[in-house]
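# Structural overview for review
Each chain is listed here by its residues.
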Amino acid sequence: MHIDTEQSPWYDRIWAALIFFTRIPFWRIHEPSRESYRVVVEYWPLAGWLTGGLMAATLYLCSLWFPYIIAVLAAIALRLLTTGALHEDGLADFFDGFGGGTDRSRILVIMKDSHIGTFGVLGLIMYVLLLAATLFSMTPALACLAVIAADPFAKMLSAGLITLPYARSEEEAKAKTVYRSLGWKAVAGLALQGLLPMAVVMYGVQCTICDAMLILLIPALVMLFLYHYIRHWLQGYTGDCCGAVCLMVELATLLAICTRLSI
């Protein structure tokens, strides 16, 4: 029986997002309808509240007992375990596809290949090194706040990628689900989920208007560039593109916070 996502309970959609974007066994408590998974992107930043919060907590607690670099690596490892490296898998496929492909069809074939290539390996290594170096360059307090703000904010911006058509058929999708197009209610909800943690953090560190504008603008420009780059080559998006864009936009957000704020 087909269930309209508009009629599915709100908690079903949130539950579906938490199940889809993490490896925490929420499904043992409640299994939402299959149709709920078509709107998980609309609640993606909420999953970021969870993953960002867990990462920040790990970073803070480990920094009390271990050298700071170990705390940073432990926080990154915890998020990888929490998400099942879902977005990192997309990042590797993204670099493999766009690094080795010369046209749309070839890029899509490479991205669907489960084997990781040279571009994917190098991309993952560079991403993890940049992420660890960025967090390590901040104080533990600022790094914790930055992670809490950047994770949902990056997911909010990256959700805009699904305004493009899906580049494959639904049967070819890895998750066997194509996300629903964003309506104005979804956009408003995404904005609230993504901007609220960022606003709280900026207020807490007494961020100036100029710094706040730069912190918001830099990742938005990165997102805009990637959006047009993907549209140019694929004329649409894939799940791997969503994961890759999310990580790159989040890294841009953390870099912006790192260069503009200090506590």
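Further up the page is the structure itself.
Figured I'd write up the structure that's included with this text. Predicted, not measured: the structure shown is a model, and the values here were computed from it.

## Focus on the packing of helix α9 (residues 209–234) against helix α10 (residues 239–260)
Running from N to C, α9 and α10 cross one another at 155°; their axes reach a closest spacing of 9 Å. Relative to α10, the element α9 is oriented roughly antiparallel. The interaxial crossing formed by α9 with α10 has right-handed handedness. In contact with D211, L214, I215, I218, P219, V222, M223, L226, I230 and L234 of α9, α10 contributes C241, V245, M248, V249, A252, T253, A256, I257 and R260. Taken together, the residues of the contact of α9 with α10 break down into 16 nonpolar, 1 polar and 2 charged.

## Brief notes about the pattern of salt bridges
A complete count under the given rule lists 6 salt bridges for this structure. A salt bridge links E42 to R180; the nearest nitrogen and oxygen atoms lie 2.9 Å apart. Pair noted here: E42 is in the loop between α1 (10–21) and α2 (44–65) and R180 is in the loop between α7 (140–158) and α8 (184–204), with a separation of 138 residues, a long-range link. Classification of E42 by relative accessible area gives buried; the value is 6%. Measuring nitrogen to oxygen at the nearest pair gives 2.4 Å for the salt bridge that ties D151 to K155.

## Side note on α8
In this model α8 runs 30 Å from its N-terminal to its C-terminal C-alpha over 21 residues, within 8% of the 30 Å that 1.5 Å per residue would give. Of all the bends in α8, the greatest reaches close to 30° and is centred on L195; the proline P197 follows between one and four positions later. All of the buried residues in α8 are A186, L190, Q193, G194, P197, M198, V201 and M202. Contact partners of the buried residues in α8: α2, α7, α9 and α10.

## Structural notes on the packing of aromatic side chains
A full pass over the atoms with the stated rule returns 12 aromatic pairs. Taking the centre distance of 5.9 Å and the plane angle of 85° together, the rings of F94 and F95 count as edge-to-face. Ring geometry for F98 versus Y229: centroids 5.3 Å apart, planes at 40°, classification tilted. Separated by 131 residues along the polypeptide, F98 in helix α4 (residues 86–100) and Y229 in helix α9 bring together distant segments of the chain. Given a relative accessible area of 12%, F98 falls into the buried group. On the basis of relative accessible area, Y229 is assigned to the partly exposed category, the value being 28%. Members of the aromatic cluster, each reached through a chain of ring pairs, are F20, F21, W44, Y166, Y179 and Y237.

So, how was this worked out
Residues numbered from 1 in each chain as written. Predicted model: local features only at pLDDT ≥ 70, side-chain atom pairs only at ≥ 80, totals over all residues. Heavy atoms only, no water. Axes fitted to C-alpha atoms, helices over the stretch in contact; angles between N-to-C directions. Helix = DSSP H or I, 4+ residues; strand = E, 2+ residues; numbered from the N terminus. Parallel < 35°, antiparallel > 145°, perpendicular 65-115°, else oblique. Left-handed = near helix turned anticlockwise from the far one by under 90°. Contact = heavy atoms within 4.5 Å. Nonpolar A, V, L, I, M, F, W, Y, C, P; charged D, E, K, R; others polar. Salt bridge = Lys/Arg side-chain N within 4 Å of Asp/Glu carboxyl O. Buried < 20%, exposed > 50% of the residue type's maximum accessible area, 1.4 Å probe, protein only. Expected span 1.5 Å × (residues − 1). Bend = angle between axes of the 7 residues up to and from the residue. Phe/Tyr/Trp six-rings, centres within 6.5 Å; stacked < 30°, edge-to-face > 60°.

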